[in-house]
Amino acid sequence: MRYRINRKTGDRISEIGIGSSYMFNAGMEEAVKALRRAVEGGVNYFDLAAGDGTSFPIYGEALSDLRKDLFYQIHFGADYSNVSYGWSLDLDTVKRSVERQLKELRTEYIDYGFIHCLDEHNDWDSYLKNGIFDHLMDLKEQGVVRHIGLSSHTPGLVQRIMDEVDIDMLMFSVNPVYDYGRGTTKASRGTVDERTAVYQRCESEGVGISVMKPFCGGQLLDASLSPFGRELNIYQCLRYVLDKPGVVTVLPGAQSVREVEALLAYYDQPDEVSDYSLLGSFACDDALGKCVYCNHCSPCPMGLDIALINKYYDLALAGDEMARQHYLGLERKASDCVGCGHCDSRCPFKVAQSGRMQKIKEYMGE
Ligand code: SF4
Ligand code: SF4
């Protein structure tokens, strides 16, 4: 397992976490084994927007003795009063739901208390008006909640809420369908540029992103369901997500020991298995010509880390001074580019990289 630091909180978080949409399907015995296997493999981050309320006693049984070494994100707005998942903006319902979750999880605190799944501006207005955000902050004051999170699919609303309140983690849906789908991206999920601006803002402000829907609800894993008409494997999807600025952890669902082990095997895959360059052949036109930091163009004969240089440049352009400093600290910079064009011919996303290196050199000064 590899770990990333959420700069906002200093938490050291596993790149691969576990989402809880499906775990309850496994039943208590298998689910307990699967969760224990995940922790044994280094997973320390769990999302608890569960698909069903029977998930919480499973976590309590599986992980309560390990609790102090783990991070839980718990959602203020997820309701399980009818056992299956529901969404609520009613303060009393939210309070009852969180109290029940804490009891069944056998924990007294929440690492990341989440403003849950808001996609419309008027939902945020109601969240504030109904006192749910104040309740979350009261619990933070009391030490029950350590940090504040926000989950949303909507870039415009994410920007607004980040302007208005201080958050420590964003849970955001990231996958190639939402980023690059031709005609499949709902307006509420934003354009390529709006989504990129969210990633860049989080990276710049040190707010970690925990990723939901990395496989687009499984659609991407099945050619007959994929909007691209082609399937990706889970390792291509995980690598795609982990290459995005701001991302600290990805939270795929799992419902068996076997599925957990398949996720943990991410680090054992050869480069060609997780390489997602085929996306370049079906990404929407808006996405082409923009570096996605995939490193498919490497190696550069001059030893430049092309993906990293581009990531720092894009962040610096968006106003991230720290990214500029990171760039200036690199051993090999855009000024070392000799314009050989190897990267241009290798880039599946049609980035004219040799020309871009000249622009980077001019902008960064070296
Ligand atoms: S230039 Fe192209 S191949 Fe190279 S990192 Fe960027 S998107 Fe990937
Ligand atoms: S054009 Fe520049 S960055 Fe690209 S491979 Fe050649 S030397 Fe490296």
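Not measured: the values here are computed from a predicted model.

1. A word on the sheet that holds strand S8 (residues 145–152)
Inference 1: What the seven strands build is an open sheet, ordered S3-S4-S7-S8-S9-S10-S11; its pairing is parallel. In the strand order of this sheet, the two ends are held by strand S3 (45–47) and strand S11 (247–250), each with one partner. Strand-to-strand, the axes of this sheet are offset by a mean angle of 30 degrees, without reference to chain direction.
Inference 2: Pairing geometry for strand S9 (residues 169–173) and strand S10 (residues 208–212), over five bridges, is parallel. Among the inter-strand pairings, Met169 is bridged to a residue of S10, identified as Gly208.

2. Observations concerning the site of ligand 2
Inference 1: What surrounds ligand 2 is a group of 15 residues, the closest being Cys300, Cys337, Cys340, Cys343 and Ser354.
Inference 2: Looking at the shell around ligand 2, the elements that each hand over two or more residues are helix H14 (342–346) and helix H15 (353–364).
Inference 3: It is H15 that provides the largest number of residues to the shell around ligand 2, a total of three residues.
Inference 4: Its residues placed into classes, the shell around ligand 2 shows ten nonpolar, five polar and no charged.

3. A few points about the site of ligand 1
Inference 1: Lining the immediate environment of ligand 1, one finds 15 residues, of which Cys291, Cys294, His296, Cys297 and Cys347 sit closest.
Inference 2: No other element matches helix H12 (residues 306–317), which puts three residues into the shell around ligand 1.
Inference 3: Tallied by class, residues from the shell around ligand 1 come to eleven nonpolar, four polar and no charged.

4. Thoughts on helix H3 (residues 91–105)
One full turn of an α-helix is made of 3.6 residues, so residues set three or four places apart face in the same direction.
Inference 1: The end-to-end C-alpha distance of H3 is 21 Å, a good match for the 21 Å that 15 residues give at a rise of 1.5 Å each.
Inference 2: Regarding H3, the residues found buried are Val94, Ser97, Val98, Gln101 and Leu105. Within H3, the buried residues cover an arc of 95 degrees as seen down the axis, which keeps them to one side. Projecting away from the buried face of H3 at angles above 90 degrees are the exposed residues Asp92 and Glu99.
Inference 3: The elements touched by buried residues of H3 are helix H2 (55–63), strand S4 (71–76), strand S5 (78–79) and helix H5 (132–142).

What counts as what
- Residues numbered from 1 in each chain as written.
- Chains lettered and ligands numbered in written order.
- Predicted model: local features only at pLDDT ≥ 70, side-chain atom pairs only at ≥ 80, totals over all residues.
- Pairing = 2+ DSSP bridges.
- Helix = DSSP H or I, 4+ residues; strand = E, 2+ residues; numbered from the N terminus.
- Axes fitted to C-alpha atoms, helices over the stretch in contact; angles between N-to-C directions.
- Near = placed C-beta within 6 Å.
- Nonpolar A, V, L, I, M, F, W, Y, C, P; charged D, E, K, R; others polar.
- Expected span 1.5 Å × (residues − 1).
- Buried ≥ 20, exposed ≤ 12 C-beta atoms within 10 Å, placed from the backbone.
- Arc of directions from axis to C-beta.
- Contact = placed C-beta atoms within 7 Å.

By themselves, these figures tell us nothing about what the structure is for.
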